[in-house]
Amino acid sequence: MSRAIEPTYHPLAVGGYLAQITLNAPEKSNALCDEMIGALDGVLKELAQDEEAVAVLLDGSGGKSFCAGADARQLQTVALSGAENSRHIDDFFANSYRLLYRLHHFPKPVICWASGVVMNMGLGILAAASHRIATPSSALAMPEITIGFYPDAGATWFMQQMPGHSGLFCALTGVNLNAGDALYSGLADYFLPDARKQPLIQQLTRLDWQFDAAEDAEMLTAALTDFEVESNIRLPESHLKIRADLIESLCEDYSPAAVENAFAGLHGDDPWLNAAGRSFAAGSASTACLVLEQYQRGTGLALADALKLEMVVSANRARDLEFIEGVRARLFDKDNRPQWAFSQLRQVPQSLVLDLFSPPWPVHPLADLGV
């Protein structure tokens, strides 16, 4: 098993145990590589079958991040290494999306302690958990536009669950979200102090677990609600909520030209909106067009179909020069000056965007997902 996935088994007062799985790669903000995805999936398979395991708690090590996403540097390196290694890209995304689907349908409660940075696969895991906890240090974002990728890891599905067009706004801007935003958007359920994780685990071990998934999930909901009340901590104001009307007006027209015109006005006395506007303006125009198409295609899609759509787009985009250039500028050379192929959304050919949604293989790697 990868040492970057650290399981801890907490004995319960009633017998059995609570399984804590810690993402243990703090030097890269707990970003998930191939090995970590495989190890995490293997542990979850075992826990699903183990009658002594009543629930799973997912967290991250290091104190600064739950999970910053997939390891984009690794993906870019593979993409540049030649066609003979391209199957590794497909394998990575297929394994990642199967893992997320497993979490969404896990037969026992899954608690996610989402403190620190939560992005990309981190957001996907958070959205998949049954009981999701944000803390004062939680910093959520969909910043893929800054590296020429797009929000995946189930974002096609969970963006549709967010209020109004807030999901689309976050995907287009990569703007930072706090714990108030996490609860408002439905990406988290509870708000607890960062220092309360260990006391929470101790309390969970003392609960009267029934070893029945439905009953235990209900009991866990009540326990976490009580623990939140007892913690008596004030939830920060949601950026998304107080600007909901503006966000709706910005995103009412999905055409690239209309979005570009609307977002050009994001400047003034509002620092949060200013940051959103700067990120949009400096990001990849082709990613913005991709996101607009993704958002429209995601309407009404079931989770399995959303992940299948992402499998196609991710396999294509990870090999695209726009992503390769974005990772170079932001993560390797760190000059923060990516040379994007297009400077404006209206310059991006619609055919280029549509090609990203065209399967590159005769048989879809996730054809059996959800069947």
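To be clear, the structure that these remarks concern was listed above.
Residues numbered from 1 in each chain as written. Predicted model: local features only at pLDDT ≥ 70, side-chain atom pairs only at ≥ 80, totals over all residues. Heavy atoms only, no water.

1. Some remarks on the side chain of E310
Mapped onto the secondary structure, E310 falls in helix α15 (residues 303–317). Buried charge without a salt bridge: E310, with R297 as the nearest opposite-charge side chain at an N-O distance of 12 Å. Apart from residues no more than four positions distant in its own chain, E310 is found in contact with Y97, Y150, P151, D152, A153, G154, A155, T156, Q294 and A315. (Helix = DSSP H or I, 4+ residues; strand = E, 2+ residues; numbered from the N terminus. Buried < 20%, exposed > 50% of the residue type's maximum accessible area, 1.4 Å probe, protein only. Lys, Arg positive; Asp, Glu negative; His and termini not counted. Salt bridge = Lys/Arg side-chain N within 4 Å of Asp/Glu carboxyl O. Contact = heavy atoms within 4.5 Å.)

2. Points about the packing of aromatic side chains
Tallying each qualifying case throughout the model produces 10 aromatic pairs. With a centroid separation of 5.0 Å and 45° between ring planes, the pair formed by F149 and Y150 is classed as tilted. Like F149, the residue Y150 is buried in the burial classification. In this structure an aromatic cluster arises from ring pairing among F92, F93, Y97, F149, Y150 and F323. It is R297 that lies over the ring of F357; its NZ or CZ is 4.3 Å from the centre. (Phe/Tyr/Trp six-rings, centres within 6.5 Å; stacked < 30°, edge-to-face > 60°. Lys NZ or Arg CZ within 6 Å of the ring centre and 35° of its normal.)

3. Quick look at the layout of surface pockets
Over the atoms, a rolling probe the size of a water molecule traces out where space has been left empty. Estimates place the volume of the largest pocket at around 600 Å³. Contributing to the lining of the largest pocket are 25 residues, with A68, M119, P143, I147 and L331 lying nearest its centre. At the level of secondary structure, the elements contributing two or more residues to the lining of the largest pocket comprise α2 (72–80) and α16 (321–332). For the lining of the largest pocket, a count of residues per class yields 13 nonpolar, 5 polar and 7 charged. (1 Å grid on protein atoms, 1.4 Å probe; cavity = no way out; pocket = protein on both sides within 12 Å on 5 of 7 lines; lining within 4 Å. Points joined across faces, edges and corners; volume = space filled by probe spheres on them. Nonpolar A, V, L, I, M, F, W, Y, C, P; charged D, E, K, R; others polar.)

4. Section: the sheet that holds strand β4 (residues 65–67)
Taken together, 3 strands build an open sheet; the order of strands is β4-β6-β8 and the sheet is parallel. Edge positions in the sheet fall to β4 and β8 (139–141), since each has one partner strand and no second. On average, each strand axis in the sheet is inclined to that of its neighbour by 20°, with strand direction left out of account. Where helix α4 (residues 121–128) meets the sheet, it contacts β4, β6 (117–119) and β8, and its direction lies at approximately 90° from that of β6. (Pairing = 2+ DSSP bridges. Axes fitted to C-alpha atoms, helices over the stretch in contact; angles between N-to-C directions.)

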